[in-house]
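Here is how the chains run, residue by residue.
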Protein chains: 2
Amino acid sequence: MYRTSFWAVLAFAFFSVNAAAQVKPEVLVEQRQAAMKLQGKYLFPLVPMAQGRVPYDAAIVARNAGYLDVLIKLAWDGFDPNTQGIRSRALPEVYSEPAKFKAAQETVFAEMNKFVAAARSGNEASTKAAIGDVVKACNGCHDSFRQRQ
Amino acid sequence: MYRTSFWAVLAFAFFSVNAAAQVKPEVLVEQRQAAMKLQGKYLFPLVPMAQGRVPYDAAIVARNAGYLDVLIKLAWDGFDPNTQGIRSRALPEVYSEPAKFKAAQETVFAEMNKFVAAARSGNEASTKAAIGDVVKACNGCHDSFRQRQ
């Protein structure tokens, strides 16, 4: 009786480890798209502020900077080679040019860090410039690695 | 000529303000679903750790706690009354019982704060308990406000 329980528990444990380690490719794609969608939710409203087309709201900018500081980290592990069969706008270059993809990612991180620091400093001019640089870094990666709509 | 440009710019500015203020209901639903999906991405792997079914990884727990601390804030503004016509699992009670919905939200925030604090403290036992309490708070809200699949 003891032995039966023991093995049942062990089998359950192994099943769980396996289930946690292997996320389905279609789920990985949904998760990375979710991260991109939320990046847009919190970045896009800042663009007309940076351009001076709508009033600059320092509280919104600071809040969104904090959110984006996390959100910018959440898509990259979804670009697993086993997702290449799943329909998405990711171009084959994501996998055929990994060094270039990694460099584009590092540029996005660097510009986002500059933006977060500027937003924390409260300097409106440098924050506006940094928002523009974040958008450029996003577009730079999309130009090479995302299919145009 | 000057006047024409002036009004064109002004019209563009008003359009932009309006576009920023009024996000389409279907976009609001997609954004709140994106937030929920990412909450799952970073919460679910912690559950078997909290239950002792897979090894506890303090680094993963701390990282995910930081992510979830932001992600837990991102869905709520998507439950705008004008999204009620969009297909989703949100039940009508979200809008017919706003005080109860708000209370469920406050419970989730409170349990998440406890979890983030526990993860920061490095106390494994209290962090494991807090993960369980976060899951209970999530389920508590879903039980009343989300359609079963």
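Everything here concerns the structure above.
Quantities reported herein were computed from a predicted structural model and do not represent experimental measurements.

(A) Local environment of the interface of chain A and chain B. Between chain A and chain B, the contact holds 21 residues from the first and 21 residues from the second. At the boundary of chain A with chain B, total buried surface from both sides reaches about 2100 Å², with 69% on carbon and sulfur atoms. When the area that chain A buries against chain B is broken down by residue, the three leading residues are K41, R53 and L74 of chain A, summing to 26%. Connecting chain A to chain B are four salt bridges. Across the contact surface, chain A and chain B share six residue pairs in polar contact (both at pLDDT 80 or more). Every element with two or more residues in the side of chain A that touches chain B is listed here: α1 (2–21), α2 (25–43) and α4 (58–71) of chain A. At eight residues, α2 of chain A tops the list of elements feeding residues into the side of chain A that touches chain B. Residues of the side of chain A that touches chain B, tallied by class, amount to twelve nonpolar, three polar and six charged.

(B) The arrangement of the nonpolar core in detail. Counting 70 residues, the largest nonpolar core has L71, L74 and F115 of chain A together with L71, L74 and F115 of chain B as the members making the most contacts within it. F115 of chain B has contacts with L46, V61, A65, L68, T127, A130, I131 and V134 of chain B, leaving out every residue within four places of it along the chain.

(C) Molecular detail of helix α6 (residues 98–121) of chain B. Residues and elements named next belong to chain B. Helix length check: α6, at 24 residues, gives a terminal C-alpha distance of 35 Å against a target of 34 Å (1.5 Å per residue), a fit within 8%. For α6, the set of buried residues is F101, A104, Q105, V108, E111, M112, F115, V116, A118 and A119. Lining the buried residues of α6 we find α3 (46–50), α4 (58–71), α5 (93–96) and α7 (124–145).

(D) Examining the packing of aromatic side chains more closely. Residue and element names in this part refer to chain A. Summed over the entire model, instances satisfying the criterion amount to twelve aromatic pairs over all chains. Note on Y42 and Y67: the rings are 4.9 Å apart at their centroids and 80° apart in plane angle, and the pair reads as edge-to-face. You can see Y42 sitting in helix α2 and its partner Y67 sitting in helix α4, a full 25 residues away along the chain. Here the two residues Y42 and Y67 agree in accessibility, since each one is buried.

(E) Expanded view of the relation of the copies chain A and chain B. The two copies are related by a screw operation: chain A maps onto chain B through 180° of rotation and 0.0 Å of translation along the axis, at an RMSD of 0.0 Å. Given the turn and translation reported, the copies of this chain are related as if by a two-fold rotation axis. Closest to the rotation axis within chain A is the C-alpha of A34 of chain A, separated from it by 2.2 Å. Here 100% of the contact residues of chain A are again contact residues in chain B; the copies associate through an equivalent surface.

(F) Region of interest: the environment of A99 of chain A. Tracing the backbone shows A99 of chain A in helix α6 (residues 98–121). On the basis of relative accessibility, which here comes to 61%, the residue A99 of chain A falls in the exposed class.

Cut-offs and rules
- Residues numbered from 1 in each chain as written.
- Chains lettered and ligands numbered in written order.
- Predicted model: local features only at pLDDT ≥ 70, side-chain atom pairs only at ≥ 80, totals over all residues.
- Heavy atoms only, no water.
- Contact = heavy atoms within 4.5 Å.
- Buried area = accessible area lost by both parts, 1.4 Å probe.
- Salt bridge = Lys/Arg side-chain N within 4 Å of Asp/Glu carboxyl O.
- Polar contact = N/O pair within 3.5 Å; in protein donor to acceptor, adjacent residues only side chain to side chain.
- Helix = DSSP H or I, 4+ residues; strand = E, 2+ residues; numbered from the N terminus.
- Nonpolar A, V, L, I, M, F, W, Y, C, P; charged D, E, K, R; others polar.
- Core = buried A, V, L, I, M, F, W, Y, C linked by side-chain atoms within 4.5 Å.
- Buried < 20%, exposed > 50% of the residue type's maximum accessible area, 1.4 Å probe, protein only.
- Expected span 1.5 Å × (residues − 1).
- Phe/Tyr/Trp six-rings, centres within 6.5 Å; stacked < 30°, edge-to-face > 60°.
- Least-squares fit on C-alpha atoms with pLDDT ≥ 70 in both.

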